[in-house]
Number of protein chains: 2
Amino acid sequence: MAKKIKIDADLSTGEKIKEAARKVFTQKGYAATRTRDIAEEAGINLALLNYYFRSKEKLFKEVMLEKVQQLFGALLPLMSDPSTKLESKIEGIVSTYLDMLLANPDLPLFVLSEIRGQQEQLKKVLPLEKILQNISFVKQLKERRPDIKPVHYLMNILGMTVFPFIAMPAFETMGIINKSEFEALISERKKLIPLWVNAILKAK
Amino acid sequence: MAKKIKIDADLSTGEKIKEAARKVFTQKGYAATRTRDIAEEAGINLALLNYYFRSKEKLFKEVMLEKVQQLFGALLPLMSDPSTKLESKIEGIVSTYLDMLLANPDLPLFVLSEIRGQQEQLKKVLPLEKILQNISFVKQLKERRPDIKPVHYLMNILGMTVFPFIAMPAFETMGIINKSEFEALISERKKLIPLWVNAILKAK
DNA sequence: GTCTATAACCTGATAGAC
DNA sequence: GTCTATCAGGTTATAGAC
């Protein structure tokens, strides 16, 4: 069994490069990754990277757009479904989102820290401001608590759900927690967060 | 009135450079900042930067340690005080921390994304794992809810408090929110979060 | 399509004059 | 202490052979 094979060999060259780029960019960020890192990770030559993608920046933007959609796009269908009521919607959002984050633990920190100066591209892909107005979830929050801005609950749910993944690297380098302990915590939170959000919704 | 003066002129050269470094590093991160950016921001020559600080990395580490202490250090005295009871401790933590974050909005994203590979330096300055064991706040949480790990409440409080500052740049570039709207939200949360944390502590 | 070699550029750091 | 000029090394991107 080959242990240090980096990228699946039976992918098209373009996909191998892109997969390598996904990995290196999300781990190190745009400025700190060298195209050589990506080429090596992909098991191809540096020149090929520029043959398939015109430049480092172009490759990055493709990866970035994907990641933004992965991070935000996963939320929209869950929040939009008008057939589920608020409680089960919260449960679904938290559970699905935590699963996605466990599979992509460094996605949030990557997107949120590398998003600077990507306004142009983003607005095309994710017209979030318009979506957020008429989405079923927001309406239900408004109904339940007309006295509190729905965005507050959004922040609370995302904060409780996403923040652990943002802080994990720090806690990990400080030796406070390791990966398996973290995953155990997250699986506890899968049941707890919906409970807590419910309590928050009732708080006076 | 000189509008584009970058750094107060009546500082020692070393402090001018460090102040500029604080600003540029926290905005762009280590890899993306050029020592030339810092020199220009400080209104001095590039060579002087290397005269005062031996290298880019050394300058960065000084700034980084400061910022880590600012981000985590502010919490410790608040969480340690054994004379305050749980409710008012939560109120104090949230209120003080939000004030600090409003004054340094990009501090959390900077520290949490640039902390990689700083283990050595950090453990000297912040032996957090030991502190967290015996701190008054954690004990009180354990007493109140022996059935839930205290770290969960830590994550909830920090998530609700800090996460908005992490997500703000993203929401800002998407045009969902602007700075003054954000600050208004935060000042609302100053009263709401303690309420919510209380509700969470009671949730069954 | 894929490679080697190299061009063109940028960045951190230093030498040396003042 | 502060500057100008420059070096040394590294990085992106391309030219050109296969």
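Residues numbered from 1 in each chain as written. Chains lettered and ligands numbered in written order. Predicted model: local features only at pLDDT ≥ 70, side-chain atom pairs only at ≥ 80, totals over all residues. Heavy atoms only, no water.

Q: Just to check I follow, could you spell out the relation of the copies chain B and chain A for this structure?
A: Both copies of the chain are related through a single rotation about an axis accompanied by a shift along the same axis. When chain B is brought onto chain A, the operation consists of a screw motion whose angular component is 180° and whose axial shift is 0.0 Å, with 0.1 Å RMSD remaining. One copy is carried onto the other by what is essentially a two-fold rotation axis. Among all residues of chain B, the one whose C-alpha sits closest to the rotation axis is Gly159 of chain B, at a distance of 2.1 Å. Of the residues that chain B buries at the interface, 100% are likewise interface residues in chain A, meaning the two copies contact each other through the same surface. (Least-squares fit on C-alpha atoms with pLDDT ≥ 70 in both. Contact = heavy atoms within 4.5 Å.)

Q: Could you clarify how one ought to interpret the interface of chain B and chain A in this entry?
A: Many structure descriptions define interface size as the accessible area lost when the parts assemble. Chain B puts 50 residues into the contact, and the matching count from chain A is 51 residues. Here chain B packs against chain A, burying approximately 4600 Å² in sum over the two surfaces, 76% of which is carbon and sulfur. The largest share of the area that chain B buries against chain A comes from Met155, Phe163 and Met174 of chain B, three residues that together contribute 15% of it. In this structure, the connection of chain B to chain A is made through 2 salt bridges. (Buried area = accessible area lost by both parts, 1.4 Å probe. Salt bridge = Lys/Arg side-chain N within 4 Å of Asp/Glu carboxyl O.)

Q: Explanation requested: the pattern of salt bridges in the structure shown.
A: It is possible for side chains bearing opposite charge to pair when their charged atoms get close. A complete count under the given rule lists 30 salt bridges over all chains for this structure. When the shortest N-O distance is used, the salt bridge between Glu188 of chain B and Lys149 of chain A registers 2.3 Å. With Glu188 of chain B in helix α12 (residues 179-202) and Lys149 of chain A in the loop between α10 (136-144) and α11 (150-173), this pair bridges two chains. For Lys149 of chain A, a relative accessible area of 42% corresponds to the partly exposed category. Salt-bridge contacts for Glu41 of chain B lead to Lys23 of chain B; the nearest nitrogen and oxygen are separated by 3.0 Å. (Helix = DSSP H or I, 4+ residues; strand = E, 2+ residues; numbered from the N terminus. Buried < 20%, exposed > 50% of the residue type's maximum accessible area, 1.4 Å probe, protein only.)

Q: Would you take a moment to explain the protein's contact with DNA strand D for this structure?
A: The local shell around DNA strand D holds 16 residues, among which Arg34, Thr35 and Arg36 of chain A together with Asn45 and Tyr52 of chain B are the closest. Each atom of DNA strand D within 4 Å of the protein was classed as base or backbone; sugar and phosphate made up 57%. Between DNA strand D and Thr13 of chain B there is a distance of 2.9 Å, counted from a phosphate oxygen to a side-chain nitrogen or oxygen. Between DNA strand D and Tyr52 of chain B there is a distance of 2.6 Å, counted from a phosphate oxygen to a side-chain nitrogen or oxygen. Those elements that place two or more of their residues in the surface near DNA strand D are α2 (35-42) and α3 (46-52) of chain A together with α3 (46-52) of chain B. Among the residues making up the surface near DNA strand D, the classes are represented as 6 nonpolar, 6 polar and 4 charged. (Near = heavy atom within 4 Å. Polar contact = N/O pair within 3.5 Å; in protein donor to acceptor, adjacent residues only side chain to side chain. Nonpolar A, V, L, I, M, F, W, Y, C, P; charged D, E, K, R; others polar.)

Q: What exactly am I supposed to notice about the nonpolar core here?
A: For soluble globular proteins, the rule of thumb is that nonpolar side chains tend to be buried together. Among the nonpolar cores identified, the biggest contains 140 residues, and Phe72 and Phe137 of chain A together with Phe72 and Phe137 of chain B are the most heavily contacted of them. In contact with Phe72 of chain A, not counting residues within four places along its chain, are Tyr97, Val111, Leu112, Leu126 and Leu128 of chain A together with Ala170, Phe171 and Met174 of chain B. (Core = buried A, V, L, I, M, F, W, Y, C linked by side-chain atoms within 4.5 Å.)

Q: Just to check I follow, could you spell out the protein's contact with DNA strand C for this structure?
A: Inspection of the region around DNA strand C gives 15 residues, with Asn45 and Tyr52 of chain A together with Arg34, Arg36 and Lys56 of chain B positioned closest. In this structure, Thr13 of chain A approaches DNA strand C through a side-chain N or O atom, which is 3.0 Å from a phosphate oxygen. Contact between DNA strand C and Tyr52 of chain A: a phosphate oxygen at 2.7 Å from a side-chain N or O atom of the residue. Of all elements in the fold, only α3 of chain A together with α2 (35-42) and α3 of chain B reach the threshold of two or more residues within the surface near DNA strand C. Broken down by element, the surface near DNA strand C gets its largest block of residues, 4 residues, from α3 of chain A. Taken together, the residues of the surface near DNA strand C break down into 6 nonpolar, 6 polar and 3 charged.

Q: Could you clarify how one ought to interpret the confidence of the model for chain A in this entry?
A: The predicted coordinates should not be examined in detail at positions where pLDDT is low. Overall, the predicted model of chain A reaches an average pLDDT of 92, with 95% of residues at or above 70. Every residue in residues 1-5 of chain A scores below 50 in pLDDT, and together they form 0 contacts with partners more than four places removed in sequence or on other chains. (pLDDT = per-residue confidence, 0-100.)

Q: Explain the side chain of Arg189 of chain A to me, please; I cannot follow it from the model alone.
A: Looking at where Arg189 of chain A falls in the secondary structure, it is placed in helix α12 (residues 179-202). Although Arg189 of chain A lies buried, it forms no salt bridge, and the closest oppositely charged side chain, Glu188 of chain A, sits 7.8 Å away as judged by the N-O distance. Polar contacts involving the side chain of Arg189 of chain A include one to the main-chain carbonyl oxygen of His152 of chain B, which spans 3.4 Å. In this structure the side chain of Arg189 of chain A is engaged in a polar contact, spanning 2.5 Å, whose partner is the side chain of Asn156 of chain B. (Lys, Arg positive; Asp, Glu negative; His and termini not counted.)

Q: Please explain the packing of aromatic side chains as it appears in this structure.
A: Any pair of aromatic rings gets described here by the distance separating the centres and the angle formed by the planes. Within the structure shown, the criterion is met by 14 aromatic pairs over all chains. With a centroid separation of 5.0 Å and 80° between ring planes, the pair formed by Phe25 of chain B and Phe60 of chain B is classed as edge-to-face. Taken together, the positions of Phe25 of chain B in helix α1 (residues 13-28) and Phe60 of chain B in helix α4 (residues 56-73) put the pair 35 residues apart, joining distant regions of the chain. This pair shows no difference in class: Phe25 of chain B is buried, exactly as Phe60 of chain B is. What links up through ring pairs into an aromatic cluster is the set Phe25, Tyr30, Phe60 and Phe110 of chain A. Cation over ring: Lys56 of chain A sits above Tyr30 of chain A, and NZ or CZ is 4.3 Å from the ring centre. (Phe/Tyr/Trp six-rings, centres within 6.5 Å; stacked < 30°, edge-to-face > 60°. Lys NZ or Arg CZ within 6 Å of the ring centre and 35° of its normal.)

Q: Explain the side chain of Thr26 of chain B to me, please; I cannot follow it from the model alone.
A: Locating Thr26 of chain B in the fold gives a position in helix α1. Residue Thr26 of chain B is classed as buried on the basis of its relative accessible area, which comes to 7%. Within the local environment of Thr26 of chain B, its side chain forms a polar contact with the backbone oxygen of Arg22 of chain B, the two atoms lying 2.6 Å apart. Leaving out residues up to four positions away in the same chain, Thr26 of chain B has contacts with Arg116 of chain A together with Ala21, Lys67, Asp106 and Phe110 of chain B.

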